[in-house]
Amino acid sequence: MVVSEAALAEAEMTRRHVATCTLCEAACGIVVETDGERVVSIRGDHDDPASRGYVCPKAHAMGELHHDPDRLRRPLVRDGAGFREASWDEALRLAIEGFARVRREHGRDAMAVYYGNPVAHNLGLITHGMPLTRLLRTRNVCSASSTDQAPQMLAAEKMLGHVGMIPVPDLDRTELLLIVGANPLVSNGSLLNAPDMKRRLRELRARGGKVIVIDPRHTETAQAADEHVFVRPGTDALVLLAMIHALVEAGLVRLGRLAPHVEGLETLEALARAFSPSRVAARTGVPAETITRIAYEFGRSRRSVAYGRLGACTQEHGTLASWLIMALNVVCARLDEVGGAMFTTPAVDPLDVLRLAGMSSGYDRWRSRVRGLPELMGELPIATLAEEIETPGRGQVRALLTLAGNPALSAPNGPRLEHALGTLEHVVCVDAFLNETTRHAHVILPPVSPLQRAHYDLALHVFSVRNAAKHAPPVFSRGPDERHDWEILAHLTAGLVVPKGLRHAYLAAALRGPEPIVDLALRAGPHGLRGRRLSLRVLRDHPHGLDLGPLEAGRLPARLYTRDRRIHLAPSLFVREAEALVASLETPVPALVLIGRRHLRSNNSWLHNAPAMVKGPARCTLLVHPDDAKARGLREGALVELSSRTGRVTVPIEISSEVMPGVVSLPHGWGHTREATRLSVARAHAGVSANDVTDERFLDRLSGNAAFNGVSVELRSLGAPLDVDTPEASAASSDS
Ligand SMILES: Nc1nc2c(c(=O)[nH]1)N[C@H]1C(S)=C(S)[C@@H](COP(=O)(O)OP(=O)(O)OC[C@H]3O[C@@H](n4cnc5c(=O)[nH]c(N)nc54)[C@H](O)[C@@H]3O)O[C@H]1N2
Ligand SMILES: Nc1nc2c(c(=O)[nH]1)N[C@H]1C(S)=C(S)[C@@H](COP(=O)(O)OP(=O)(O)OC[C@H]3O[C@@H](n4cnc5c(=O)[nH]c(N)nc54)[C@H](O)[C@@H]3O)O[C@H]1N2
Ligand code: SF4
Ligand SMILES: [Mo]
């Protein structure tokens with residue numbers, strides 16, 4: 001056979017790299033084929049023991065991100081109304097000088113920090129960024145946690161003594177998976193690291209198991225489940241209390257092995273007595289028989305598990321719902337048991353990572369200055385940042401550092417926050433895009449692309465359905481004029497918090513990067529391989545990753561962090577808040593409420609500049625139930641005005657019985673219409689920001705978490721009203 005020289009040359013140029021997709025929590029193994037500096041293809045890594053070749057369409061975006069001409073390669077500094085490129089030395093100097101000035105003149109609390117979701121997927125931001133957020137010793141640290149899992153953290157803090165003690169559903173061994181407000185077929189699993197959800201749910205059902213989904217939308221996951229139950233947004237706590245009520249009545253409560261370590265069962269039972277299934281049915285929209293039946297099925301199954309995520313968190317009663325999901329697992333002896341809600345044994349203990357980063361578990365040790373919202377793990381809710389900037393007085397926020405965050409689009413009432421950002425004296429963003437948030441910066445410090453950095457999942461192996469460890473080297477090296485996140489953070493740390501005399505020594509250590517830290521942590525961790533302690537070296541010998549076995553039951557009580565080493569089933573803070581729900585049973589419900597929605601090709605606000613992620617029909621649409629559309633004379637595709645206390649957006653509707661009557665659904669992360677951004681693709685697929693109508697005052701008040709779901713909204717047709725055929729519908733449309 002004759003092989004052409006060109007083919008030989010091509011084979012030499014083409015290289016295959018084993019890497020990790022860092023775009024979501026599944027952290028799938030990928031094989032990236034490159035030709036010189038170009039990505040040729042990205043495929044699933046069949047040798048990765050966790051993902052076994054699975055990838056979702058987003059893996060492709062890893063390449064598009066890398067090559068995106070809009071991605072910033074050099075720092076930008078404010079220059080009049082616009083920006084100019086600057087050297088790293090100049091940009092870092094300006095960044096540090098501005099903060100130093102504000103801190104000198106106004107004190108430490110005048111500098112706020114916000115860090116976003118991608119931090120969890122970025123090794124260097126964890127090792128080098130998290131400590132800085134604490135070393136700055138400002139009370140005004142906020143993060144995406146308070147738009148996400150803060151309620152689960154608070155439930156874990158109060159029940160198990162540590163914000164990080166969030167259990168993982170043992171997906172591959174459970175026989176009844178009760179999903180409350182999560183859509184893992186689209187999100188690919190959250191606080192549940194399990195690539196290829198579709199296969200796993202199929203396998204669960206194939207082994208005779210059952211999946212039940214409680215959700216105000218008939219989601220992709222609901223479609224793949226055995227049963228879907230519509231629930232009115234924000235009322236899960238009532239459903240869960242009624243389930244516990246039914247279990248108590250039927251004598252199905254059992255604490256099992258953990259019984260000697262659980263306190264508060266009588267209190268919980270007494271509380272649940274007030275919430276019978278028939279009493280909560282009207283308010284929740286869930287028939288009493290359904291609640292009772294699901295409770296019995298759950299209580300009788302030997303291997304059931306309840307799992308709640310974003311829909312159970314980002315709502316008015318997020319902490320109560322998160323608490324009661326954990327409580328349901330406890331009262332059916334499903335916590336810390338095979339097939340139930342389990343605790344992982346990661347190669348690096350995440351609670352050690354938090355401790356080393358100075359992030360101590362705790363709650364309400366201080367409160368926000370303006371609204372008095374409680375701190376959680378040393379952070380204040382992002383919902384309070386705008387007023388902390390706007391309200392004069394001691395401790396007023398005058399400067400902001402953002403790390404990998406886009407709060408202009410991700411925080412409740414984004415426009416108010418954006419307006420406040422525009423008034424700050426100094427804003428520095430560590431981010432590779434000139435977007436809705438960073439356009440307010442004085443200095444933008446852009447890190448390398450995800451394909452240019454090494455990866456070890458310090459934060460997310462903790463939520464893995466099997467214990468696992470993987471280290472991936474970078475696919476491309478960083479250029480001489482590019483910087484890693486951790487290099488940027490090392491310089492900011494040196495300039496802002498390290499005493500002058502120690503700077504040299506600090507930088508010498510910090511600029512060795514995150515890997516020596518991971519190596520040390522692995523060696524100190526609980527796992528070994530054939531008699532050798534785990535280390536980076538061992539992981540490098542296993543480039544596709546190591547499977548460290550299934551999760552083990554019986555981690556409790558040894559791993560409890562509560563002072564009395566008991567599980568607190570009924571923390572008084574939660575019980576008092578739940579008692580107040582009795583009154584809510586009688587209050588009228590808003591006629592129309594908003595919920596969110598995710599799409600397989602989206603990733604919060606920041607993948608819309610990748611062409612493959614936005615192709616196809618426009619996805620920023622409002623789902624409206626046929627009854628609600630009819631009542632307002634709305635036609636498929638009509639443009640409507642969606643408004644709330646905080647603002648209004650104009651959006652096309654999709655009429656669909658996927659959503660409950662009285663519920664409309666709009667995805668978040670869109671709204672790329674703001675001036676002076678550099679997002680050419682996203683701008684052409686702009687959509688509207690759901691957070692233009694969400695409300696910074698509408699919170700889960702215990703955790704301060706944003707309540708994106710259940711926001712009271714109104715709909716108004718902008719087109720000519722449709723011919724209507726019912727008297728109610730014409731009445732409604734002539735009203736508006
Ligand atoms: N209405 C509504 N709002 C929501 C939600 C919702 O469901 N509904 N969901 C909430 C949730 S769960 C979350 S987690 C938040 C997310 O909120 P954020 O984290 O604030 O927003 P993202 O859209 O994830 O933006 C991430 C930013 O980080 C940058 N970035 C990406 N990778 C890196 C990196 O490696 N290094 C650096 N330095 N920068 C990087 C991107 O360019 C982008 O600017 O949004 C919340 N907002
Ligand atoms: N493709 C894609 N994947 C992602 C992301 C993305 O933007 N796109 N974002 C990532 C992030 S940051 C996160 S935090 C995770 C989130 O992961 P998930 O929680 O699995 O994803 P969501 O789609 O937010 O699912 C929340 C569900 O709750 C429902 N819901 C809304 N209100 C209520 C309520 O009151 N009660 C109940 N029971 N349900 C309710 C919604 O209809 C929705 O189906 O996804 C991650 N993965
Ligand atoms: S599910 Fe998709 S986005 Fe998430 S890690 Fe895997 S390939 Fe990446
Ligand atoms: Mo999130």
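In this text the structure is predicted, and so the values were computed from the model without any measurement.

A. Examining the site of ligand 1 more closely. Surrounding ligand 1, one finds 29 residues, the nearest of these being Tyr114, Asn117, Ser410, Asp431 and Ser605. Within the side chain of Asn435, an N or O atom sits 2.8 Å from an oxygen atom of ligand 1. Within the side chain of Ser605, a nitrogen or oxygen atom sits 2.5 Å from an oxygen atom of ligand 1. Alone, ligand 1 offers 920 Å² of accessible surface; in the complex the protein occludes 96% of this. Classifying every residue of the shell around ligand 1 by side-chain character gives 12 nonpolar, 12 polar and 5 charged. Residue assignment places the shell around ligand 1 across two domains, with domain 2 (76-137 + 349-468 + 481-512) and domain 4 (590-731) each supplying three or more.

B. Examining the domain arrangement of the chain more closely. For the chain, the assigned domains are domain 1 (5-67), domain 2 (76-137 + 349-468 + 481-512), domain 3 (170-336 + 557-582) and domain 4 (590-731). Listed as interface residues are 7 residues of domain 2 and, on the opposing side, 11 residues of domain 3. Counting the surface lost from both domain 2 and domain 3, the interface buries some 730 Å², and carbon and sulfur atoms represent 57% of this. For the domain 2 face of the interface with domain 3, the top three residues by lost area are Leu351, Phe463 and Val465, together amounting to 66%. On inspection of domain 2 and its partner domain 3, the count reaches 1 salt bridge. Put simply, Asp349 and Arg559 hold a salt bridge, and the shortest N to O gap is 3.2 Å. Taken together, the connections running from domain 2 to domain 3 amount to 4 residue pairs in polar contact (both at pLDDT 80 or more). Considering only residue class, the side of domain 2 that touches domain 3 consists of 5 nonpolar, 1 polar and 1 charged.

C. Seen up close, the packing of aromatic side chains. Taken as a whole and assessed by the stated rule, the structure comprises 1 aromatic pair. With a centroid separation of 5.5 Å and 50° between ring planes, the pair formed by Trp323 and Phe574 is classed as tilted. Highlighted residues: Trp323 in helix H14 (residues 318-331) and Phe574 in helix H23 (residues 572-579), separated in sequence by 251 residues. Phe574 shares its class with Trp323; the two are buried.

D. Quick peek at the pattern of salt bridges. Considering all chains together, one arrives at 45 salt bridges under this definition. Of the charged contacts, one joins Arg293 and Glu297 as a salt bridge, the two residues approaching to 3.1 Å between their closest N and O atoms. Taken as a pair, Arg293 and Glu297 lie in helix H12 (residues 288-300) at a separation of 4 residues, close to a single helical turn. Look at Glu297 and you get partly exposed, because its relative accessible area is 23%. Shared partners join several salt bridges into a network, and the residues in it are Glu390, Arg416, Arg645, Asp695 and Glu696.

E. Geometry of empty space enclosed by the protein. Under the defined criterion, the tally for this structure stands at 10 cavities of 30 Å³ or more. Of the volumes computed, that of the second largest cavity is approximately 200 Å³. Forming the boundary of the second largest cavity are 19 residues, of which Gln152, Ile166, Pro167, Gly308 and Ile325 lie nearest the centre. At 4 residues, the largest contribution of residues to the lining of the second largest cavity is made by H14. The residue inventory of the lining of the second largest cavity, partitioned by class, reads 14 nonpolar, 4 polar and 1 charged.

Definitions and cut-offs
Note on numbering: residues in each chain are counted from 1, in written sequence order. All chains are assigned letters beginning with A, and all ligands numbers beginning with 1, in the order in which they are written. The predicted origin of the model limits local features to residues at a pLDDT of at least 70 and limits the giving and counting of side-chain atom pairs to 80 or more, whereas totals for whole chains, interfaces and linings rest on all residues. Heavy atoms throughout the structure, all of them, feed into the side-chain values; hydrogens and water do not. Note on definitions. A residue lies near a molecule or strand when any single heavy atom of the residue is within 4 Å of it. We call two N or O atoms a polar contact when they sit within 3.5 Å, provided that within protein one can donate a hydrogen and the other can accept it, with sequence-adjacent residues counted only if both atoms are side-chain atoms. A 1.4 Å probe and the Shrake-Rupley method give the accessible areas. Residues count as covered only by the protein chains that appear here. Gly is placed with the polar residues, together with every amino acid not listed as nonpolar (Ala, Val, Leu, Ile, Met, Phe, Trp, Tyr, Cys and Pro) or charged (Asp, Glu, Lys and Arg). Domain start and stop points were drawn from an automatic or database domain assignment. Contacts are assigned to residue pairs with any non-hydrogen atoms lying within 4.5 Å of each other. Buried area: the accessible surface (1.4 Å probe) lost by two parts on joining, summed over both. For this analysis, a salt bridge means a side-chain nitrogen from Lys or Arg found within 4 Å of a carboxyl oxygen belonging to Asp or Glu. Within 6.5 Å between ring centres, the rings of Phe, Tyr and Trp (the latter by its six-membered ring) count as paired, and their orientation is classed by plane angle as stacked under 30 degrees, edge-to-face over 60, tilted in between. Helix numbers and strand numbers start at the N terminus; a helix is a DSSP run of H or I with at least 4 residues, a strand a run of E with at least 2. Relative accessibility under 20% of the residue-type maximum defines a buried residue, over 50% an exposed one, and the middle range a partly exposed one, all with a 1.4 Å probe and only protein chains included. Detection works on a 1 Å grid of protein atoms alone, calling trapped sets that fit a 1.4 Å probe cavities and calling open sets with protein on both sides within 12 Å along at least five of seven lines pockets, with lining residues defined by an atom within 4 Å of a point. Grid points are joined across faces, edges and corners, and a volume is the space filled by probe spheres set on the points.

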